[in-house]
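Structural features, examined
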Amino acid sequence: MIIPESSGRFGAFGGRYVPETLIPALDELERAFDEAMADAAFVKTYTDLLRDYVGRPSPLSDAPRFSERVGVPVYLKREDLNHTGAHKINNAIGQALLAMRMGKRRIIAETGAGQHGVATATACARFGLECIVYMGEIDMERQELNVFRMRLMGATVIPVRAGTRTLKDATSEAIRDWVTNVDTTHYIIGSVVGPAPYPRMVRDLQSVIGREAREQMLDRVGKLPSAVVACVGGGSNAMGIFHAFVNDPAVRLIGVEAAGEGLMTDRHSASLSRGRPGVLHGALSYLLQDVNGQVHPAHSISAGLDYPGVGPEHSFLHDTKRAEYVAVTDAEALEAFSVLSRLEGVIPALETSHAIAWLLGTVGTWASDATVLLCVSGRGDKDVAQVRAMQSQSN
Ligand SMILES: *Cc1c(COP(=O)(O)O)cnc(C)c1O
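The structure presented is a predicted model; accordingly, all values stated were derived computationally and were not measured.

1. Side note on the overall build of the chain
- In terms of regular secondary structure, the chain is built from 16 helices and 16 strands.
- Here the C-alpha coordinates of the chain stretch approximately 55 × 50 × 40 Å along the principal axes.
- When the 395 residues of the chain are sorted by exposure, 58% land in the buried category.
- Sequence-distant contacts in the chain: of pairs separated by 6 or more residues, those separated by 24 or more amount to 71%.
- Counting only carbon and sulfur atoms, one obtains 52% of the accessible surface of the chain, whose full area is about 15,800 Å².
- One finds the centroid of the 39 positive side-chain charges in the chain at a distance of 2 Å from the centroid of its 45 negative side-chain charges.

2. A few points about helix α13 (residues 312-319)
- Buried within α13 are the following residues: Pro-312, Glu-313, His-314, Ser-315 and Leu-317.
- Of the residues flanking the end of α13, it is Lys-321, one or two places downstream, whose phi is positive at about 65°.

3. Re the sheet that holds strand β5 (residues 60-62)
- Spatially, six strands are ordered β5-β6-β16-β11-β12-β15 in an open sheet, and the strand pairing comes out mixed. Lying at the two open borders of the sheet, with one neighbouring strand each, are β5 and β15 (323-329). The mean angle between the axes of side-by-side strands here comes to 25°, regardless of whether they run parallel or antiparallel.
- With five bridges connecting them, strand β11 (residues 227-231) and strand β12 (residues 252-260) associate as parallel partners.

4. A closer look at the packing of aromatic side chains
- Under the counting rule described, the total for this entry stands at five aromatic pairs.
- Centroid distance Trp-178 to Tyr-198: 6.3 Å. Interplanar angle 65°. Geometry classified as edge-to-face. Of this pair, Trp-178 sits in helix α8 (residues 167-181) while Tyr-198 sits in helix α9 (residues 198-206), and the two are 20 residues apart along the sequence.
- Aromatic pair Trp-358 and Trp-366: ring centres 6.4 Å apart, planes at 90°, arrangement edge-to-face.

5. A short note on helix α4 (residues 88-101)
- For α4, with 14 residues, the first-to-last C-alpha span of 20 Å sits near the 20 Å given by 1.5 Å per residue.
- Buried residues of α4: Lys-88, Ile-89, Asn-90, Asn-91, Ala-92, Ile-93, Gly-94, Gln-95, Ala-96, Leu-97, Leu-98 and Ala-99, and no others.
- Positioned one or two residues after α4, Gly-103 has a phi angle of 75°, which is positive.

6. Some remarks on the sheet that holds strand β8 (residues 130-136)
- Strands sit in the order β9-β8-β7-β10 across an open sheet of four strands; the sheet is parallel. Two strands lie at the open edges of the sheet, namely β9 (156-160) and β10 (185-187), each paired on one side alone. Ignoring which end each strand starts from, the neighbouring axes of this sheet average 25° apart.

7. A closer look at the environment of Leu-205
- Tracing the chain through its elements places Leu-205 in helix α9.
- Taking the relative accessible area as the measure of exposure, Leu-205 reaches 2% and is therefore buried.
- For the pair Leu-205 and Asn-146, spaced 59 residues apart in sequence, the C-alpha separation works out to 23 Å.
- Residues in contact with Leu-205, not counting those within four places in the same chain, are Phe-33, Met-37, Tyr-46, Asn-90, Asn-91, Gly-94 and Gln-95.

8. So, the packing of α4 against helix α5 (residues 115-127)
- It is the contact of α4 with α5, at a shortest axis distance of 9 Å, that shows an interaxial angle of 45°. Put simply, α4 runs oblique to α5. In the crossing of α4 with α5, the sense of the turn from one axis to the other is right-handed. On the side of α4, the interface is formed by Lys-88, Ile-89, Asn-91, Ala-92, Ile-93, Ala-96, Leu-97 and Met-100, while α5 contributes Gln-115, His-116, Ala-119, Thr-120, Thr-122, Ala-123 and Phe-127.
- Across the contact of α4 with α5, the residue classes break down as nine nonpolar, five polar and one charged.

9. A short note on the pairing of β12
- With eight of nine residues buried, β12 is to be regarded as a mostly interior element.
- In this view, the connection linking β11 to its parallel neighbour β12 by way of helix α11 (residues 236-242) has right-handed handedness.
- As paired elements, β12 and β15 share seven bridges and run parallel to each other. Looking across to β15, one finds that Gly-255 is bridged to Tyr-325.

Criteria and thresholds
Residues numbered from 1 in each chain as written. Predicted model: local features only at pLDDT ≥ 70, side-chain atom pairs only at ≥ 80, totals over all residues. Heavy atoms only, no water. Helix = DSSP H or I, 4+ residues; strand = E, 2+ residues; numbered from the N terminus. Buried < 20%, exposed > 50% of the residue type's maximum accessible area, 1.4 Å probe, protein only. Contact = heavy atoms within 4.5 Å. Areas by Shrake-Rupley, 256 points an atom, 1.4 Å probe, with all protein chains shown as cover. Lys, Arg positive; Asp, Glu negative; His and termini not counted. Charge placed at Lys NZ, Arg CZ, Asp CG, Glu CD. Pairing = 2+ DSSP bridges. Axes fitted to C-alpha atoms, helices over the stretch in contact; angles between N-to-C directions. Phe/Tyr/Trp six-rings, centres within 6.5 Å; stacked < 30°, edge-to-face > 60°. Expected span 1.5 Å × (residues − 1). Parallel < 35°, antiparallel > 145°, perpendicular 65-115°, else oblique. Left-handed = near helix turned anticlockwise from the far one by under 90°. Nonpolar A, V, L, I, M, F, W, Y, C, P; charged D, E, K, R; others polar. Right-handed = clockwise from strand over helix to strand, strands pointing away.

Right, dumping it as structure tokens:
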């Protein structure tokens, strides 16, 4: 039976649309997380790992040549310099520690692009936890290097052959496993999605990005940024950097979705720009769906943004207009990938390239004293082979 909860909501969004058998596990998780975050010893273990294993704090880089191009000083929050090359490790390490605190040494996860699977496998290797990753068979073919990475670190990657053989079916399989093994198993969700308390928990674990960046901006520039810009897939790097600025009304928060082949086509991932509220993965949020309410498959050049939903807190920030959500196309993101590489010697992830592309379109719109903070959610090493193949096709 599916029962919506009254707690764990952002306005109308979020909640717990899950099988009844999971409610006690979600309650336990929520309690364990709140207790852990109030326990100085746990927080110290976590922050020590973020420093000594992940490499935090991540630097704030100025970007003189890119700034000149955009016409506003842009500062780069360098999550690409974290161990494993993106922000996802902040969350994976935190949830793995929490699992051990709850006495659970079996970890499951689902992954589409493989990046969350790699971050989870990394954390499990570090702590000697059993790691099972569900992945659609088609995604396994598309992301074979990430499958190899996960297996190299000792994870078991289970191919999902049901349905579309992609992320949606891998998620169903992970939920089925969790229902069956909930006493021994923790399910690490990789973005600010899923039933409560996941969206809040993942946000809080990623909020280190914004806390550091806020301090670094005040230190370096002497004032808060005029705008904070981040790409939005599920929305965890964006919530991670937005959270520290939500109560600063003068700071614009801008989330950039993937417009894929264009918002007028049905080949995009712009859940907030073009979706409607609906239930996916246990929560109510904006969602790409057809007229019958069936989930419409997403498309993006970047595997990490290729998701038909978005975290419920973003839906809330969207409806209350605290944050602005925009979208850029595959072609614009591809161009931005080259621009930042050429102008700054920073090869960004294709996901991040969407946020960069939006900035490139804002030339001439900034006040003379404006500054921008951009979340570089990850590095582009994982994308260079794909981009090279696409460029040689078009030549
Ligand atoms: C997974 C990923 C994203 C998208 O996920 P969010 O939860 O929206 O942050 C963005 N950038 C990179 C580098 C990623 O790996």
